[in-house]
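Each chain, written out:
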Amino acid sequence: MLMNTFWQVFCLVAGLGAAVVSPFIVMKTFGKSRERAEKFMYRLMIFVLVYKILHFTLMPTIFRQDAVKLIPVEISSVSYFLMPIAYLSGWKAIKETGRFVGFFAGLVQLLAMSISPSSFVNSDMTNFTFIESIIMHYCLYLGGLVWNFTIEPLRYKDLWKALAGFLVILLWGTLAAFTWRYDYVNDKPENIMFIQECVLPEFLLIPGFDKNHLFIIEYLAVFFVYIAILYKLSRLAFKRRNPEPRSPWGGGSYKKYLKEKDRLPLNFYGIKEHVAYYLPIIEARDEGKTAEKTPARTQ
């Protein structure tokens with residue numbers, strides 16, 4: 001009983017502390033240097049991706065777990081691969097979804113630990129899985145903070161891409177829940193319990209919304225308020241900063257960096273899309289001499 005209380009207090013302090021304190025630390029450490037932020041983000045995403053590849057490789061081979069059951073279907077388990085791949089590859093098709101969903105998964109875990117620590121402590125997770133879950137979700141949260149608030153701001157015009165990818169992940173998880181993730185022992189699908197039943201604590205639940213799936217309305221309301229706050233704060237974080245070109249540690253290949261390093265946005269916040277290119281132009285003069293100028297050409 002004493003240990004149970006200790007772990008509940010640990011969840012409360014760790015979840016709330018990480019969620020509240022981390023943004024200030026990130027802005028203080030990386031707020032003035034995009035290159036430093038990208039370098040940290042690069043290493044963090046390498047760690048998450050390599051660890052999860054090893055995890056999903058060793059579990060069915062050495063530890064003899066069911067490989068099918070290990071297929072990533074939950075938002076968090078998908079984010080462990082999607083977010084690192086999106087950042088490291090610089091693939092635009094999944095970039096918005098990767099950084100939106102990864103940050104969302106990490107934040108929800110930290111808040112859930114703070115609001116309902118008993119649901120984590122009293123679960124059937126082993127001690128290792130319990131600690132691992134906290135660390136890996138924090139990596140997603142931290143990566144989202146660094147990416148969205150010090151490297152590249154979230155833009156409302158790209159919100160549809162993030163939501164479309166988020167919907168695909170939900171549909172993928174639902175498909176899994178009714179097929180290979182179906183719990184035949186208890187006769188119910190796994191992985192979508194938050195849709196089947198209300199997971200909100202009573203003090204956050206509107207009276208009567210625990211019936212007829214009305215709690216989903218609360219989910220949606222909180223979700224869209226979260227989006228509005230997240231995107232606004234992301235833009236405000238960049239409002240007074242001078243735009244910086246990407247570094248070699250940014251997403252994508254080094255060849256892409258060489259191609260983009262001389263391109264600097266006139267407006268870094270997505271309000272205008274004009275881009276100035278600072279390219280040296282060699283002009284030959286009649287005397288046989290050359291002069292190098294660096295005018296800006298706006299497109």
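These lines cover the structure that appears in this document, whether it is placed above or below.

About the criteria used
Residues numbered from 1 in each chain as written. Predicted model: local features only at pLDDT ≥ 70, side-chain atom pairs only at ≥ 80, totals over all residues. Heavy atoms only, no water. Helix = DSSP H or I, 4+ residues; strand = E, 2+ residues; numbered from the N terminus. Buried < 20%, exposed > 50% of the residue type's maximum accessible area, 1.4 Å probe, protein only. Contact = heavy atoms within 4.5 Å. Areas by Shrake-Rupley, 256 points an atom, 1.4 Å probe, with all protein chains shown as cover. Expected span 1.5 Å × (residues − 1). Lys, Arg positive; Asp, Glu negative; His and termini not counted. Salt bridge = Lys/Arg side-chain N within 4 Å of Asp/Glu carboxyl O. Polar contact = N/O pair within 3.5 Å; in protein donor to acceptor, adjacent residues only side chain to side chain.

A separate point is the overall build of the protein. Along the protein, the regular secondary structure elements total 10 helices and 7 strands. Burial statistics for the protein: of 299 residues in total, 41% are counted as buried. Looking at the protein alone, contacts between residues at least 24 apart form 67% of all its contacts between residues at least 6 apart. Surface summary for the protein: the accessible area is close to 17,800 Å², and the carbon and sulfur share equals 66%.

Relative to the 40 Å expected for 28 residues at 1.5 Å per residue, helix α2 (residues 34–61) spans 40 Å between its end C-alpha atoms, a close match to the ideal helical length. Inspection of α2 places R34, A37, E38, M41, L44, M45, V48, L49, K52, H55, F56 and M59 among the buried residues, and these make up the whole buried set.

With respect to the element layout, D183 can be found in strand β1 (residues 182–183). No salt bridge is formed by the buried D183, whose closest oppositely charged neighbour, K188, lies at an N-O distance of 6.0 Å. Of note is the side chain of D183, whose polar atom sits 3.2 Å from the backbone nitrogen of V185. Apart from residues no more than four positions distant in its own chain, D183 is found in contact with K188, P189 and E190.

Let us now look at the pattern of salt bridges. Inspection of the entire model under this criterion finds 9 salt bridges. D158 is the salt-bridge partner of K161, the closest N and O atoms lying 3.6 Å from each other. According to the relative accessible area criterion, K161 is partly exposed, its value standing at 32%. Ionic pairing is found between E190 and R181, a salt bridge with its closest N-O pair at 3.3 Å. The network of salt bridges with common partners includes K69, E74, R181 and E190.

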